[in-house]
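Residue strings, one per chain:
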Amino acid sequence: MALGMVLIDVDRCKGCGLCTHICPVSILALSKDTLNVRGYHPVMVTDTEACIGCASCAMICPDVVFTVYRRRRETRSAVARTASAQAGVISG
Amino acid sequence: MAKQLLKGNVAFAEAAVRFGLQAYFGYPITPQSEALEHLSGRMLREARVFLQAESEVAAINMVYGAACCGVRVMTSTSGPGFSLMAEGLSYIAGSEIPVVVVNMMRGGPGLGNIQPSQADYFFMTKSAGHGDFHPIVLAPASVQEIIDMMGLAFELAEKYRTLVLIAGDGSLGQMMESAELPPMQPLPALRPNWAVTGADGREPNVITSLYLVAEHLEEVNLRLQAKLADIRQHEVRFVEAQTADAELLLVAYGTSGRICTSVMRQARQKGIKVGLLRPQTLWPFPAQRIGELCEQVRGILVVEMSAGQMLEDVDHAAGGRVPIRFHGRMGGMIPMVDDVLADLQALATSLGLAP
Amino acid sequence: MSQAVAVPEDMEQVYAYPRSLTQANSHYCPGCVHGIVHRLVAEVIDELGIREKTIGVAPVGCAVLVYNYINTDFVEAAHGRAPAMATGIKRVSPDKIVFTYQGDGDLAAIGTAEIIHAANRGERITTVFINNAIYGMTGGQMAPTTLEGMITTSTPGGRDHLLAGYPMRMSEILAQTAGAVYVAREAALDLAGIRRTKRAIKRAFLAQIHGLGFASVEVLATCPTNWGLDPWAAMQWAKENLGAFYPLDTFKITDEVKALPV
Ligand SMILES: Cc1ncc(C[n+]2csc(CCOP(=O)(O)OP(=O)(O)O)c2C)c(N)n1
Ligand code: SF4
Ligand code: SF4
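Quick notes on the rules
Residues numbered from 1 in each chain as written. Chains lettered and ligands numbered in written order. Predicted model: local features only at pLDDT ≥ 70, side-chain atom pairs only at ≥ 80, totals over all residues. Heavy atoms only, no water. Helix = DSSP H or I, 4+ residues; strand = E, 2+ residues; numbered from the N terminus. Buried < 20%, exposed > 50% of the residue type's maximum accessible area, 1.4 Å probe, protein only. Contact = heavy atoms within 4.5 Å. Lys, Arg positive; Asp, Glu negative; His and termini not counted. Charge placed at Lys NZ, Arg CZ, Asp CG, Glu CD. Salt bridge = Lys/Arg side-chain N within 4 Å of Asp/Glu carboxyl O. Polar contact = N/O pair within 3.5 Å; in protein donor to acceptor, adjacent residues only side chain to side chain. Near = heavy atom within 4 Å. Domains from an automatic or database assignment. Buried area = accessible area lost by both parts, 1.4 Å probe. Axes fitted to C-alpha atoms, helices over the stretch in contact; angles between N-to-C directions. Parallel < 35°, antiparallel > 145°, perpendicular 65-115°, else oblique. Nonpolar A, V, L, I, M, F, W, Y, C, P; charged D, E, K, R; others polar. Left-handed = near helix turned anticlockwise from the far one by under 90°. Pairing = 2+ DSSP bridges. Phe/Tyr/Trp six-rings, centres within 6.5 Å; stacked < 30°, edge-to-face > 60°. Lys NZ or Arg CZ within 6 Å of the ring centre and 35° of its normal.

Hey, could you go over the overall build of chain B for me, with residue numbers and the actual values?
Of regular secondary structure, chain B possesses 12 helices and 15 strands. Dimensions of chain B, computed from C-alpha atoms along their principal axes, come out at roughly 75 × 50 × 40 Å. Here chain B, with 355 residues, has 59% of them falling under the buried criterion. Taking as baseline every contact in chain B between residues at least 6 positions apart, the subset at least 24 positions apart corresponds to 78%. Computing the positive centroid from 28 side-chain charges and the negative centroid from 36, chain B places the two 6 Å apart.

Structure (C-alpha cells):
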C-alpha cells in the first residue's frame, strides 16, 4: 500500500523532465514511446506503490500536471509498519 | 454661474474637475504647467487623485491604468511631452479606453521654444502613435470654448471608448479671458462593466491591445475603423461665419481662427465678401462642408501657425475646385491680422474679386 | 485528462490545482520557470483569498499572456510601463490588490525609471520580477542582467563590460528607495528555493494588503530555450552562476513587514 498517489494530467505535460529529477524516490520517467496531444513524451509513474506523496513533483512542475494525495496521518504509520514488515520478509 | 477672468490653463483644469475628473497624472512643461499646478491642490481638496509623474511616459501609462478602471482621467502636456506619450496613446487606442489629453502646442521641432504653435496637427490628427487609429481632436479658440470642450471631450471619450485630444496652443493656455465655469458635477457611483475592478461574481476582465493571430487583429482593426467611420459621420464640428454670400473662404482653427475673425471683419469693411470656417474638430475634419462651400466660393485662404498641415486636409476637401492659398507662421510666431488681410486681398485681386 | 483512478478513502489531497489559475495550457517552453512562478502567484492569491479583488498588470516579454493563466482581472502594459500602469490603477482603486509581473528586460532595461519611481513613491503595489538573465521573447538577446561572458544572440562573443556594461543588480537598487518596504531575491531553481519564493511573494502581497508600501520579489529563473540547456541542466547552471552574482537575500524589510504573519 503506497503512502501517496499522484494523478497526472497527461496532456498538460511538456515532457521537460524536471519532475523526474526532483522525485526523491525516482518513480517518475518520461514515457519514451507515447506522445500526448501536444506532441510531448509525457511523464508517467514507474512504481505507483513507491510514491510517498511528498508533492515535490507538483512543486517543480511549471505546467501544473500533478494532483497529489497522501495517506492520512492516522493510517500512515500502519502502512509504514506493513511496508517494513514486508521488507523484512523479502530481505529475510 | 457668473463669468470670471480665467487663464486658459487654469480654466480647462478647473472645468475638468467640475466635469467629474477623478484622476490627473502629469509632468510639468511650459506652456501648460499652470493646469498641473492648479490640479495639484484642487484635486486633493476634493479627495481625488493627483500625481506628478516621473516623465510623460509614466504619466500617460498612469492615465492608461486609471482609465482601465473606468474613471474620468486625463493628462495635459506640450509638444515634447506629447512625443513621449505616443507609445501610451497607441496602446490606449488599441485597447479602446476613454482618455482625454490636452496638448498646448509650442514651437518645434525638438526643444523648440515655449511660444504658441499649431505644428502638432499631423501628429495629433494622423499619427499620435503606431498603428491605424485617429483620436478625436477638439480645437478650442477661446477660454470659454476650452471649458466647454473639456465636458465634450469626456462625453465623447466615454461614448465611443476612444482617445480624445484637445489641440490648444500656448497663447490659449496663457491668455486671460472672461468665461463661465460649469457647476460641480457629482461623480458616478459605479464603474463601467468593462473596467478592471476585480473579478467578483463575473469572469475576469482583461484589457489588452495584444492579438497575436493576424485574423483576430484584423477583426479588431475593422471594428475600430467602423467606430471611426461612425465618429466621422456624427461628430464633425465647426463654426461658420458670414459664408452665406461669401466669395472667399478663410479656414483656420484655434488661435489662428480667432485672428481670422478679425481679418474677416476688416475685409468685409473693405468690401471683400469673405466668410470663415473654423473647424472645432480637427479629426474628424469638416471636409464635407468645405467641399460644399467650394461650389460657392472662388478661393480659399488657409491660416495656420505651422508650415501648412491642416492645409493638406483643406486641399483634399477642395479637390482642386478652387485655388487655395496659405498663410503660415512658425517657430512660435503668431499671424498678424494685417499680413493675413494682405494675403486675402492679393487672393481677391488674383481672382478679379477686388472691390 | 487525469487518469481515472479511484482515490483511496484514507488519502487526503496535498496538492490541488490552484483556483486562481485558468485551465489553459501555457505557451511557455518546456521547463520554463515562468510557469512555476505563475503557479506560486496563483497559490498565494488563493491562500490570501484575494482573487476577486486582484488586478494584475502583464509585461511585454514571454509572460505577455500571463492574463490567460492567472484568473484575475488584468491589463496589458507597454514594455516596461507596468509599474506606471499599476500606479494609475492603485491610485484610483486603493481597495484593490494590484501586482505587476515583469521580466528583466521589462523591469531592468526599458522600464527602469518606472519601477524605481514606483518603488520610491512607496506605491502600494506588489512586483514579481523574473530574472532569467536574457530576453526570452525576442530570441535570446542580452538583458541588463546577463552575466559577463554569457553568450547571447546579441553578445556572440560573450558579454563584455567594455562593450555592453555590467550586469545590474536591480533588487539592491530598489532596496535603496525609501518607499520600498520589502525587497527580496529568491531562486525558483530547487524545492527549497521554490518554497522560499512562494513565502516571499506571499509576504510581498501581505505588505500591500496591509497598505505598507512597495514590495518586490526578484526570482532567479531559467530560460532553457535561449540558454541552450535542458531544463534541469539550466536550473543547475543558474544556481551556480546566477546565484553567485545575484545573492539570495532580503535587501529591505521594514519592522512592520517583518511582523506580518506569513
Ligand atoms: C517598446 C518596445 N521595444 C521592444 C519590444 C520588443 N520586446 C518584446 S519582449 C522584449 C524583451 C523581453 O525580455 P524580458 O523582459 O527579459 O522577458 P522574458 O521574455 O525574458 O521573459 C523586447 C525587447 C517591444 N515589445 N516594445
Ligand atoms: S515537470 Fe511537469 S511538464 Fe515537466 S515533465 Fe514533469 S509533469 Fe511534465
Ligand atoms: S523563451 Fe525562455 S523565458 Fe520564454 S518561454 Fe521559453 S524558456 Fe521561458
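Just give me the short version of the interface of chain C and chain A, but keep the residues and values in it.
Counting from both sides, the interface comprises 36 residues of chain C and, opposite them, 37 residues of chain A. Taken together, the connections running from chain C to chain A amount to 2 salt bridges. The shortest N-O distance in the salt bridge between R71 of chain A and D10 of chain C comes to 2.6 Å. Between the two partners, chain C and chain A, sit 18 residue pairs in polar contact (both at pLDDT 80 or more).

If you had to explain the site of ligand 1 to someone new, which residues and values would you point to?
Close to ligand 1 lie 17 residues; H34, C62, D104, D106 and G136 of chain C are nearest. In this structure ligand 1 sits where residues from chains B and C come together. At 2.8 Å, a backbone N or O of C62 of chain C approaches an oxygen atom of ligand 1. One of the backbone nitrogen or oxygen atoms of D106 of chain C is found 2.8 Å away from an oxygen atom of ligand 1.

Please give an account of the domain arrangement of chain B that cites residues and values.
Residue and element names in this part refer to chain B. Taken domain by domain, chain B holds domain 1 (4-234) and domain 2 (238-350). Taking only C-alpha atoms into account, the centre of domain 1 sits 28 Å from that of domain 2. The interface is formed by 33 residues belonging to domain 1 together with 25 residues belonging to domain 2. A buried area of about 2300 Å², summed over both sides, lies between domain 1 and domain 2, and 54% of it is on carbon and sulfur atoms. The largest contributions to the domain 1 side of the interface with domain 2 come from Q118, Y121 and F122, which together make up 32% of the buried area. Run the count over domain 1 and domain 2 and you get 3 salt bridges. Here R258 ties to E177 by a salt bridge, and the two come within 2.5 Å at their closest N and O atoms. Summed over the shared surface of domain 1 and domain 2, the result is 19 residue pairs in polar contact (both at pLDDT 80 or more). Within the residue set of the side of domain 1 that touches domain 2, elements represented by two or more residues are α5 (121-126), β6 (136-138), α6 (143-160), β7 (163-169), α7 (170-174) and α8 (214-234). Element by element, the count of residues in the side of domain 1 that touches domain 2 is highest for α5, at 4 residues.

I'd like to hear about the packing of helix α2 (residues 82-92) of chain C against helix α4 (residues 112-120) of chain C, residue by residue, with values.
All names here are of chain C. The geometry of α2 relative to α4 is characterised by a closest axis approach of 7 Å and an angle of 40 degrees between their N-to-C directions. If you check the angle between α2 and α4, you find them oblique. Across the interface between the two elements, P83, A84 and T87 of α2 pack against E114, I115 and A118 of α4. Here the residues of the contact of α2 with α4 sort into 4 nonpolar, 1 polar and 1 charged.

Mind laying out the site of ligand 2, listing which residues take part and the relevant values?
Close contacts around ligand 2 come from C13, K14, G15, C16, G17, C19, L30, V43, C61, P62, V65 and F66 of chain A, and that covers them all. Each residue belonging to the shell around ligand 2 can be placed in one class, and the counts come to 9 nonpolar, 2 polar and 1 charged.

Can you break down the packing of helix α1 (residues 8-18) of chain B against α6 of chain B residue by residue, with the values?
Residue and element names in this part refer to chain B. Where α1 contacts α6, the axes come no closer than 9 Å and their chain directions differ by 30 degrees. Relative to α6, the element α1 is oriented roughly parallel. Crossing of α1 over α6 shows right-handed handedness. Counted together, G8, A11, F12, A15 and A16 of α1 and V143, I146, I147, M150 and F154 of α6 form the full contact between these two elements. Among the residues making up the contact of α1 with α6, the classes are represented as 9 nonpolar, 1 polar and no charged.

So what about α2 of chain C? Which residues, and what values?
One turn of an α-helix holds 3.6 residues; hence residues three or four places apart share an orientation. Counting buried residues in α2 of chain C gives 10 out of 11 residues, a clear majority hidden from the surface. Inspection of α2 of chain C places A82, P83, A84, M85, A86, T87, G88, I89, K90 and V92 of chain C among the buried residues, and these make up the whole buried set.

Help me get a handle on the side chain of R185 of chain C, residues and values and all.
All names here are of chain C. Its location among the elements puts R185 in strand β8 (residues 180-187). Given the relative accessible area of 0%, R185 is considered buried. At a separation of 2.7 Å, a polar atom in the side chain of R185 contacts the main-chain carbonyl oxygen of P247. In contact with R185, not counting residues within four places along its chain, are R169, M170, S171, E172, E218, L220, Y246, P247, L248, D249 and F251.

Kindly report on the sheet that holds strand β1 (residues 11-15) of chain C, identifying the contributing residues and their values.
The strand order β1(A)-β4(A)-β1(C) describes an open sheet built from 3 strands, whose pairing is antiparallel. Only two strands of the sheet have a single partner each, and these edge strands are β1 (4-8) of chain A together with β1 of chain C. Adjacent strand axes in the sheet meet at a mean angle of 30 degrees when their direction is disregarded. As paired strands, strand β4 (residues 66-71) of chain A and β1 of chain C are joined by 4 bridges and run antiparallel to one another. Paired with Y69 of chain A across the two strands is Q13 of chain C, which belongs to β1 of chain C.

Give me the interface of chain B and chain C: which residues, what numbers.
Contact with chain B, which involves 34 residues of that partner, is made by 33 residues of chain C. Taking both sides of the interface into account, the surface hidden between chain B and chain C amounts to around 2500 Å²; carbon and sulfur atoms contribute 63%. For R81 of chain C, the salt bridge is made with E87 of chain B, and the minimal N-O distance between the two is 2.8 Å. Counting across the chain B and chain C interface gives 15 residue pairs in polar contact (both at pLDDT 80 or more). Broken down by secondary-structure element, the contributors of at least two residues to the side of chain B that touches chain C are β2 (23-26), β3 (49-52), α3 (56-68), α4 (79-94) and β9 (206-207) of chain B. A total of 8 residues in the side of chain B that touches chain C trace back to one element, the largest contributor, which is α3 of chain B. Classifying every residue of the side of chain B that touches chain C gives 22 nonpolar, 6 polar and 6 charged. Relative to strand β3 (residues 73-76) of chain C, β9 of chain B runs parallel, the two sharing 2 bridges. For I207 of chain B, the partnering residue across the bridge sits in β3 of chain C and is V75 of chain C.

Please set out the sheet that holds strand β5 (residues 126-131) of chain C residue by residue, giving values where relevant.
The mixed open sheet is built from 8 strands, whose spatial order is β9(B)-β3(C)-β2(C)-β4(C)-β5(C)-β9(C)-β8(C)-β10(C). Of all strands in the sheet, those with a lone pairing partner are β9 of chain B together with β10 (249-253) of chain C, marking the two edges.

Residue-level account of the packing of aromatic side chains, with values.
In total, this model carries 10 aromatic pairs over all chains according to the counting rule given. For the ring pair Y24 of chain B and F50 of chain B, a centre distance of 5.8 Å and an interplane angle of 0 degrees mean the geometry is stacked. In this pair, Y24 of chain B is assigned in strand β2 and F50 of chain B in strand β3, connecting sequence segments 26 residues apart. A residue is classified by how much of its surface remains accessible, and F50 of chain B, at 13% relative accessible area, is buried. One aromatic cluster is present, built from ring pairs that chain together Y67, F74, F99 and F205 of chain C. One Lys or Arg, R161 of chain B, reaches over the ring of W194 of chain B and ends 4.3 Å from the middle of that ring. Above the face of the F245 of chain C ring, R169 of chain C is positioned so that its terminal group lies 3.7 Å from the ring centre.

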